[in-house]
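# A look at the structure
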Amino acid sequence: MAALKYAGLEDTDSEEELPPGWEERTTKDGWVYYANHLEEKTQWEHPKSGKRKRVAGGLPYGWEQETDESGQVYFVDHINKRTTYLDPRLAFTVEDNPVKPPTRQKYDGNSTAMEILQGRDLSGKVVIITGANSGIGFETAKSFALHGAYVILACRNMSRGNDAVQRILGEWHKAKVEAMTLDLASLHSVQHFAEAFKSKNVPLHILICNAATFGAPWCLTEDGLESTFQVNHLGHFYLVQLLEDVLRRSSPARVVMVSSESHRFTEIKDSSGKLDFSLLSPSKKEYWAMLAYNRSKLCNILFSNELNRRLSPHGVTSNSVHPGNMIYSSIHRSWWVYTLLFTLARPFTKSM
């Protein structure tokens, strides 16, 4: 008996255990039904408990539903290269009228982009993500693509962008993903990107403004503006303006600004309380990398709030998000001191 219990084969007489001759199956839309091979009949209620159930969410990562020549549904596991007629979602079923679970935090600092979108079908959705060849942008792009969305990686470095595309296709060959050139330090490049995207004649459901620079030395862009301000804020501001008409036609749509908690530690007003434009694009003498970053992130949030106020009546929402302190990212690559600081501090930070 102990050996059977160890193997998980003991006779538990559980009400969830099916009687001999019965089989659990699922419909295409995820409802569970039961087939009796002896009496050649099917029913929605569990033959023992009488409960109705449905699968929780969509197929696990890497799985795809197909139909054979006879019309029977089967499932393909692209990760382990196998097929089965048993729905993998049957391990995660819920009752038709479940009791409301107690309120708790669903996600925490260990959650991944794949877990956040688990069970979502984003087929037909078009997504643009700036700075998507590495870090947060790449993980977000991969998760969207592997959940069915058509994802455009807007990258300054096309070599790295194409490498990121191949990494996603390596996980799922049917992913709809491509890289396009976008250099936020050039307003001409932003304009060219917007025109190239519009020429595709596709909608735009999600625009994620993720690209950013941190700790960069002072320099001016080709447009004569301080680079941190232009890359982190003004370039995205211009991009949204150029794509606003597409977003409105694609509603419901959304814009996501990846900002930072560090926006709290700066100011962009002068002593009289008016906006000080010299603080946004400071001279080399007045420049400090950390303050420039903080100001650009504050601009992100102010822009997102105003954008939501103006466009939400037209079906386009805008949100700003703080991705977390000391998150693994290459944003601090510009200066080795910041890389060292992040590395030393990360073990002592708290996951929310």
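Residues numbered from 1 in each chain as written. Predicted model: local features only at pLDDT ≥ 70, side-chain atom pairs only at ≥ 80, totals over all residues. Heavy atoms only, no water.

As annotated in an unreviewed UniProt entry, the chain is WW domain-containing oxidoreductase from Anseranas semipalmata.

### Considering helix H3 (residues 135–146)
This is how the line gets drawn: Secondary structure follows DSSP: runs of H or I at least 4 residues long count as helices, runs of E at least 2 residues long count as strands, and numbering of each begins at the N terminus. By definition here, a helix of n residues has an expected span of 1.5 Å times n minus one. Each residue gets one of three labels from its accessible area relative to the maximum for its type: buried under 20%, exposed over 50%, partly exposed in between, using a 1.4 Å probe on protein chains only. The contact definition used throughout considers only heavy atoms, calling two residues in contact when any of these lie within 4.5 Å.
Compared with an ideal rise of 1.5 Å per residue, which puts 12 residues at 16 Å, H3 spans 17 Å between its outermost C-alpha atoms and is within 8% of the ideal. Extensive coverage of H3 is indicated by the burial of 9 of its 12 residues. Along H3, the residues classified as buried are Gly137, Phe138, Thr140, Ala141, Lys142, Ser143, Phe144, Ala145 and Leu146. On its buried side, H3 packs onto helix H2 (113–116), strand S9 (126–130), strand S10 (150–155), helix H4 (158–171) and strand S12 (206–209).

### Some details on the sheet that holds strand S11 (residues 176–181)
This is how it is decided: Here, strands pair whenever DSSP counts at least two bridges between them. Angles shown run from 0 to 180 degrees and are taken between the N-to-C directions of axes, each axis being a line fitted to C-alpha atoms and, for helices, limited to the stretch in contact.
Spatial ordering of the open sheet is given by S11-S10-S9-S12-S13-S14, a layout of 6 strands whose pairing is parallel. In the strand order of this sheet, the two ends are held by S11 and strand S14 (316–321), each with one partner. The average undirected angle you get between the axes of adjacent strands in this sheet is 15°. Across 5 bridges, S9 lies against S10 in parallel orientation. Its bridge partner lying in S10, Val126 is registered against Tyr150. Packed on one face of the sheet, H4 meets S10 and S11 and runs near 175° to S11. Packed onto the sheet, helix H8 (residues 289–311) meets strand S13 (253–258) and S14 and runs at close to 160° relative to S14.

### Comments concerning the sheet that holds strand S3 (residues 41–43)
If you trace the 3 strands from one edge of the open sheet to the other, you get S1-S2-S3, paired in antiparallel fashion. The open sheet has two edge strands with one neighbour each: strand S1 (22–26) and S3. Each strand of the sheet is rotated relative to its neighbour by a mean of 30°, with strand direction disregarded. In this structure, strand S2 (residues 32–36) lies alongside S3, joined through 3 bridges in antiparallel fashion. Bridge assignment links Ala35 to a residue of S3, and that residue is Thr42.

### Topic: the pattern of salt bridges
Definition in use: The term salt bridge refers to a pairing of a side-chain nitrogen on Lys or Arg with a carboxyl oxygen on Asp or Glu at a separation within 4 Å.
All chains considered together, the criterion is met by 15 salt bridges. The shortest N-O distance in the salt bridge between Glu139 and Lys142 comes to 3.5 Å. Of this pair, Glu139 and Lys142 both sit in helix H3, 3 residues apart, which is roughly one turn of that helix. Note on Lys142: relative accessible area 12%, which makes it buried. A salt bridge links Arg310 to Glu306, with the nearest nitrogen and oxygen atoms 2.8 Å apart.

### As for the environment of Asn162
Looking at where Asn162 falls in the secondary structure, it is placed in helix H4. Note on Asn162: relative accessible area 37%, which makes it partly exposed. Taking C-alpha positions, Asn162 is 5.9 Å from Ala179, a pair spaced 17 residues apart along the chain.

### Overview of the packing of aromatic side chains
For the record, the criterion: Aromatic rings from Phe, Tyr and Trp, taking only the six-membered ring of Trp, are treated as a pair when their centres fall within 6.5 Å; an angle between ring planes under 30 degrees marks them as stacked, one over 60 as edge-to-face, and anything in between as tilted. By the criterion adopted, a ring carries a charge over it if an Arg CZ or a Lys NZ lies within 6 Å of its centre and within 35 degrees of its normal.
Applying the stated criterion to the full structure yields 2 aromatic pairs. Centroid distance Phe214 to Tyr293: 4.7 Å. Interplanar angle 90°. Geometry classified as edge-to-face. In this pair, Phe214 is assigned in the loop between S12 and helix H6 (227–249) and Tyr293 in helix H8, connecting sequence segments 79 residues apart. Considering the side-chain rings of Phe237 and Phe303, the 4.8 Å spacing of their centres and the 50° angle between planes classify their relative orientation as tilted. Placement of Phe237 in helix H6 and of Phe303 in helix H8 is noted, with a sequence separation of 66 residues between them. Sitting above the plane of the Phe138 ring, Arg167 keeps its charged end 3.9 Å from the centroid.

### Some points on H4
To keep things clear, this is the line we draw: Note that the arc is defined by the directions from the helix axis to the C-beta atoms. Polar contact is the term for a pair of N or O atoms within 3.5 Å; when the atoms are in protein, one must be able to donate a hydrogen and the other to accept it, and sequence-neighboring residues count only if both atoms are side-chain atoms.
With 14 residues, H4 should reach 20 Å at 1.5 Å per residue; the first-to-last C-alpha distance of 20 Å fits that figure. Regarding H4, the residues found buried are Gly161, Ala164, Val165 and Ile168. Here the buried residues of H4 occupy an arc of 100° about the axis, which is enough to place them on one side. Pointing more than 90 degrees away from the buried face of H4 are the exposed residues Gln166 and Gly170. The N-capping residue of H4, defined by a side-chain oxygen 3.0 Å from the backbone nitrogen of Ser159, is Asn157.

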